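# An overview of the molecular structure
Now for the letters of each chain:
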Amino acid sequence: MRAILVGLKTKDKSEEEVKKSLNELEGLVEALNGKVIGKFYQNRDKIDPATYIGKGKAQQLKELVEGTESDFVIVDANLSPVQIANLENIVMVDVYDRTDLILSIFSQRARTKQAKLQVELALLEHELPRVYEQKGKQLSRIGGGFKTKGSGEKYGEVKVRTIKKRIASIKKQLEEIKKQRQQQRKRRNKDKSVFKVALVGYTNVGKSTLLKRLTKRDTFISDQLFATLDTKTSFISFPDIGKKVLITDTVGFVKDMPQELMDAFMATLEELEEADLILHVVDISDETWSEKVESVEKILEKIGVNNKETILVLNKVDKVIPSKNYLDDTDDTMLANGKKAIIIGAEKGWNIDKLMNILKEKAGG
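The structure reproduced in this document is the subject of the present report. (Residues numbered from 1 in each chain as written. Predicted model: local features only at pLDDT ≥ 70, side-chain atom pairs only at ≥ 80, totals over all residues. Heavy atoms only, no water.)

### Digging into the overall build of the protein
Looking only at helices and strands, the protein has 11 helices and 11 strands in total. For the protein, with 365 residues in total, the buried portion stands at 53%. Within the protein, contacts between residues separated by at least 24 positions form 71% of all contacts whose residues are at least 6 apart in sequence. A total of about 17300 Å² of accessible surface is found on the protein, and carbon and sulfur atoms cover 46% of it. (Helix = DSSP H or I, 4+ residues; strand = E, 2+ residues; numbered from the N terminus. Buried < 20%, exposed > 50% of the residue type's maximum accessible area, 1.4 Å probe, protein only. Contact = heavy atoms within 4.5 Å. Areas by Shrake-Rupley, 256 points an atom, 1.4 Å probe, with all protein chains shown as cover.)

### Brief notes about helix H11 (residues 352-364)
Here H11 is 13 residues long and its end C-alpha atoms lie 18 Å apart, about the 18 Å a rise of 1.5 Å per residue gives. Restricting attention to buried positions, one finds in H11 the residues Ile352, Lys354, Leu355, Met356, Ile358, Leu359 and Ala363. (Expected span 1.5 Å × (residues − 1).)

### Some details on the layout of surface pockets
Over the atoms a probe the size of a water molecule is rolled, and this reveals where empty space is left. Taken as a whole, the largest pocket encloses approximately 1300 Å³ of empty space. Lining of the largest pocket is provided by 49 residues; of these, Ser21, Glu24, Arg98, Tyr202 and Lys255 occupy positions nearest its centre. Counting residues per element, the ones that place at least two in the lining of the largest pocket are helix H1 (15-31), helix H8 (259-264), strand E8 (277-283) and helix H10 (289-303). For the lining of the largest pocket, the element with the highest residue contribution is H10, accounting for 10 residues. Grouping the constituent residues of the lining of the largest pocket by class yields 16 nonpolar, 12 polar and 21 charged. (1 Å grid on protein atoms, 1.4 Å probe; cavity = no way out; pocket = protein on both sides within 12 Å on 5 of 7 lines; lining within 4 Å. Points joined across faces, edges and corners; volume = space filled by probe spheres on them. Nonpolar A, V, L, I, M, F, W, Y, C, P; charged D, E, K, R; others polar.)

### Re the nonpolar core
Grouped together as the largest cluster of nonpolar side chains are 64 residues, with contacts concentrated most on Leu210, Leu214 and Ile247. Setting aside residues no more than four positions away along its own chain, Leu214 makes contact with Ile236, Ile247, Ile352, Leu355, Met356 and Leu359. Within the second largest apolar cluster, 19 residues are counted, among which are Phe40, Ile53, Ile84 and Val95. (Core = buried A, V, L, I, M, F, W, Y, C linked by side-chain atoms within 4.5 Å.)

### Topic: the packing of H1 against helix H4 (residues 98-109)
In the contact formed by H1 and H4, the axes pass within 10 Å of each other and the chain directions differ by 35 degrees. Where H1 crosses over H4, the handedness of that crossing is left-handed. Here Ser21, Glu24, Leu25, Leu28, Val29 and Ala31 of H1 come into contact with H4, specifically with Arg98, Leu101, Ile102, Ile105, Gln108 and Arg109. A class-by-class count of the residues in the contact of H1 with H4 yields 7 nonpolar, 2 polar and 3 charged. (Axes fitted to C-alpha atoms, helices over the stretch in contact; angles between N-to-C directions. Left-handed = near helix turned anticlockwise from the far one by under 90°.)

### Digging into the packing of aromatic side chains
Inspection of every chain in the model, using the stated rule, returns 1 aromatic pair. Ring centres 5.4 Å apart and planes at 50 degrees place the aromatic pair Phe72 and Tyr96 in the tilted group. Of this pair, Phe72 sits in strand E3 (residues 72-75) while Tyr96 is found in strand E4 (residues 94-97), placing the two residues 24 residues apart along the sequence. The same class applies to Phe72 and to Tyr96, which are both buried. One cation-aromatic arrangement involves Lys244 over Phe235; the distance from NZ or CZ to the ring centre is 4.6 Å. (Phe/Tyr/Trp six-rings, centres within 6.5 Å; stacked < 30°, edge-to-face > 60°. Lys NZ or Arg CZ within 6 Å of the ring centre and 35° of its normal.)

### Brief notes about the pattern of salt bridges
Pairs can form between side chains of opposite charge once their charged atoms are near each other. Here the structure, examined in full by the defined rule, presents 15 salt bridges. The partner of Lys179 in a salt bridge is Glu176, with the nearest N and O atoms 4.0 Å apart. Placement of the pair is Lys179 and Glu176 together in helix H6 (residues 160-190), with a separation of 3 residues, close to one helical turn. A salt bridge links Asp240 to Lys360; the shortest N-O distance between them is 2.4 Å. Note that Asp240 is positioned in the loop between strand E6 (232-238) and strand E7 (243-249) and Lys360 in helix H11, a separation of 120 residues in sequence. According to the relative accessible area criterion, Lys360 is partly exposed, its value standing at 28%. Overlapping salt bridges, with partners in common, bring together Glu16, Lys20 and Glu291 in one network. (Salt bridge = Lys/Arg side-chain N within 4 Å of Asp/Glu carboxyl O.)

### Digging into H10
Over its 15 residues, H10 extends 21 Å from the first C-alpha to the last, a length consistent with the 21 Å expected when each residue adds 1.5 Å. Buried within H10 are the following residues: Val293, Ser295, Val296, Ile299, Leu300 and Ile303. Axial view of H10: buried residues confined to an arc of 160 degrees, hence all on one face. Of the residues in H10, the exposed ones pointing more than 90 degrees away from the buried face are Lys298, Glu301 and Lys302. At the C-terminal side of H10, Gly304 shows a positive phi close to 95 degrees. (Arc of directions from axis to C-beta.)

### Structural notes on the sheet that holds strand E2 (residues 35-43)
Spatially, 4 strands are ordered E2-E1-E3-E4 in an open sheet, and the strand pairing comes out parallel. Two strands in the sheet have a free side with no partner beyond their single neighbour: E2 and E4. Averaged over neighbouring strand pairs, the angle between their axes works out to 25 degrees when direction is ignored. In the sheet, strand E1 (residues 2-9) pairs with E3 via 4 bridges, with the strands oriented parallel. Bridging across to E3, Leu5 finds its partner in Ile74. (Pairing = 2+ DSSP bridges.)

### Observations concerning unusual backbone geometry
Even without glycine at this site, Met92 takes up a positive phi of about 65 degrees. A relative accessible area of 59% places Met92 in the exposed class. Despite not being glycine, Lys316 has its phi angle at roughly 65 degrees, a positive value.

In structure tokens:
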């Protein structure tokens with residue numbers, strides 16, 4: 001997949017913000033094994049309702065697509081069906097927006113029945129408004145990421161009532177799964193010897209690696225965006241205090257998380273409501289880590305769990321300093337962004353013992 005990325009600088013969005021966002025978008029493309037051929041910037045006072053970037057710039061974009069023989073155009077925004085249809089008529093290749101890209105990644109990563117249902121629900125709800133505008137377009141986002149025209153299910157030929165019927169069926173199945181999870185949580189809540197911890201964070205910050213380090217149990221680990229979607233729960237036993245720390249890993253977040261995904265994965269994120277402590281894992285080697293902390297905090301606020309006790313776990317310090325000796329003089333916890341924080345290197349096991357002591361202290365308290 002050869003793609004051209006499109007970003008728009010407006011009075012509400014600086015050029016630096018546009019570049020950072022396009023860099024993240026490039027990472028999303030790479031997660032689908034795609035290749036970014038070029039990045040196209042446009043400077044406008046406001047978004048063009050017909051083509052997003054304006055008809056003149058759209059013609060320039062067409063020339064860039066032709067000159068680079070790109071297969072797709074991916075716009076760093078959530079486009080309307082009209083904007084997508086108009087852009088495609090000009091550039092003559094498939095046009096996708098940011099939500100399309102994230103949904104395609106999720107469709108590839110889903111493994112369990114629940115995750116697959118959640119992704120399919122998000123896809124259908126995202127595509128439903130486009131059925132009216134894109135009658136002939138063939139979309140193949142379920143189960144395989146992007147494909148060229150000529151393959152995949154013809155959504156434009158599927159009647160709206162059929163899509164709505166499937167959406168209703170999925171919601172019913174997810175509601176049953178939600179009830180089962182609620183019963184599981186009720187049983188756990190009755191056990192006063194259990195202290196519940198939830199791992200949250202931006203995608204690809206090392207949550208799965210940390211879960212494996214803390215619990216010494218295998219979990220899938222990969223250095224890519226949205227490597228895992230499914231909620232995983234494991235535990236640490238502290239026999240000397242008669243407590244068990246139950247640790248749940250949640251789906252990674254991303255800036256401008258599509259609302260369809262937020263809605264679909266809300267049942268999974270309800271694990272956060274039951275948590276006694278939240279560990280917000282951060283990739284400290286990422287120069288934009290502070291901005292990503294803010295993005296996650298906005299999502300936590302939307303969910304309504306931003307007031308829970310939270311510790312920032314500043315991970316991947318081993319990518320910043322050459323030796324653990326540099327950490328020996330630091331306190332177990334410090335303050336960062338007004339919150340308690342601890343610096344660790346989960347991959348190499350740096351300061352995991354200190355984090356374990358914190359969890360033991362919290363559980364025992």
